[in-house]
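Next come the chains, spelled out residue by residue.
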Amino acid sequence: MKNFLLIIILSLILFSCGEKEESDDSATTELEGTWVTDCYQYSNSQYNKKTIVVSGKNYTYTSEYYSSSKCATVEDKWVYTLTSLAIGDAMTFSSGGSGHRFTSYHNSTKLEWQNAGSVSWANTNSYCGISNWVINVAQDVSGKTCGSSTEWSSGITLYGLYLLDGTKLLPSQSSSSYPSSVSTEVSNTYNKK
């Protein structure tokens with residue numbers, strides 16, 4: 001009798017673990033694929049285009065800067081590599097959209113200059129504390145101060161929130177706590193490709 005009860009209890013535990021894992025996978029699936037912003041004006045002389053690629057529990061976030069409104073020739077490219085994507089609590093937004101909280105693990109942030117003039121400027125100014133930049137060669141800038149901001153360190157957990165509205169994704173991430181909202185600006189509106 002004891003063995004029979006033990007088998008039933010173990011079966012229930014395994015079944016509930018399987019249920020949780022399946023729901024996590026199905027929530028991650030809605031993010032699967034490639035998401036891209038439109039080309040938008042970042043500053044007086046720069047334009048920006050961003051891409052998120054989600055594959056299972058891994059994703060990359062790429063931000064590319066251009067000098068032209070056509071976003072044709074990249075000047076510099078930032079690539080954030082993240083793993084262990086875990087979808088958390090479902091969220092409902094006042095706009096009527098829905099989404100989830102999520103966490104991820106930050107592996108690295110790499111910067112690559114793709115313009116000779118930009119490389120010269122970066123070396124002269126020791127951008128991110130580095131003075132040996134080479135064109136089209138990425139360097140890891142995780143945890144470094146680049147301009148007026150400090151990049152995320154490798155090995156930290158990031159806390160996120162996203163709104164999914166049909167084929168539009170609006171995410172937000174922080175290294176300290178879950179964001180309370182997401183921006184609806186064009187710079188943060190990713191379209192499913």
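Above this text sits the structure in question.
Remember, predicted model here, so these are calculated numbers, not experimental data.

(A) How the structure looks around unusual backbone geometry. Phi angles above zero are rare outside glycine, and Cys-128 is one such case at about 65 degrees. Following the sequence through the fold, Cys-128 ends up in the loop between α2 (116–124) and β7 (139–140). A positive phi angle, near 60 degrees, is found at Asn-136, a position not held by glycine. Along the polypeptide, Asn-136 turns up in the loop between α2 and β7. By relative accessible area, Asn-136 is classed as partly exposed at 46%.

(B) Structural view of the packing of aromatic side chains. For the structure shown, the criterion picks out ten aromatic pairs. Here Trp-113 and Trp-133 contribute two aromatic rings whose centre-to-centre distance is 6.0 Å and whose plane-to-plane angle is 85 degrees, an arrangement assigned as edge-to-face. Taken together, the positions of Trp-113 in strand β6 (residues 98–113) and Trp-133 in the loop between α2 and β7 put the pair 20 residues apart, joining distant regions of the chain. Given a relative accessible area of 3%, Trp-133 falls into the buried group. Three or more aromatic residues joined by ring pairs form one cluster here, namely Trp-78, Trp-113, Trp-121, Tyr-127 and Trp-133.

(C) How the structure looks around the state of the cysteines. Here the structure, examined in full by the defined rule, presents two disulfides. The disulfide bridge from Cys-128 ends at Cys-146, spanning 2.1 Å between sulfur atoms. The sign of the 125 degrees torsion about the S-S bond sets the Cys-128-Cys-146 disulfide as right-handed. Placement of the pair is Cys-128 in the loop between α2 and β7 and Cys-146 in strand β8 (residues 145–146), with a sequence separation of 18 residues. Cys-128 sits in the buried class, given a relative accessible area of 5%. Sequence-ordered numbering of the bonded cysteines in the protein chain gives a disulfide pattern of 1-2, 3-4.

About the cut-offs
Residues numbered from 1 in each chain as written. Predicted model: local features only at pLDDT ≥ 70, side-chain atom pairs only at ≥ 80, totals over all residues. Heavy atoms only, no water. Helix = DSSP H or I, 4+ residues; strand = E, 2+ residues; numbered from the N terminus. Buried < 20%, exposed > 50% of the residue type's maximum accessible area, 1.4 Å probe, protein only. Phe/Tyr/Trp six-rings, centres within 6.5 Å; stacked < 30°, edge-to-face > 60°. Disulfide = S-S within 2.5 Å.

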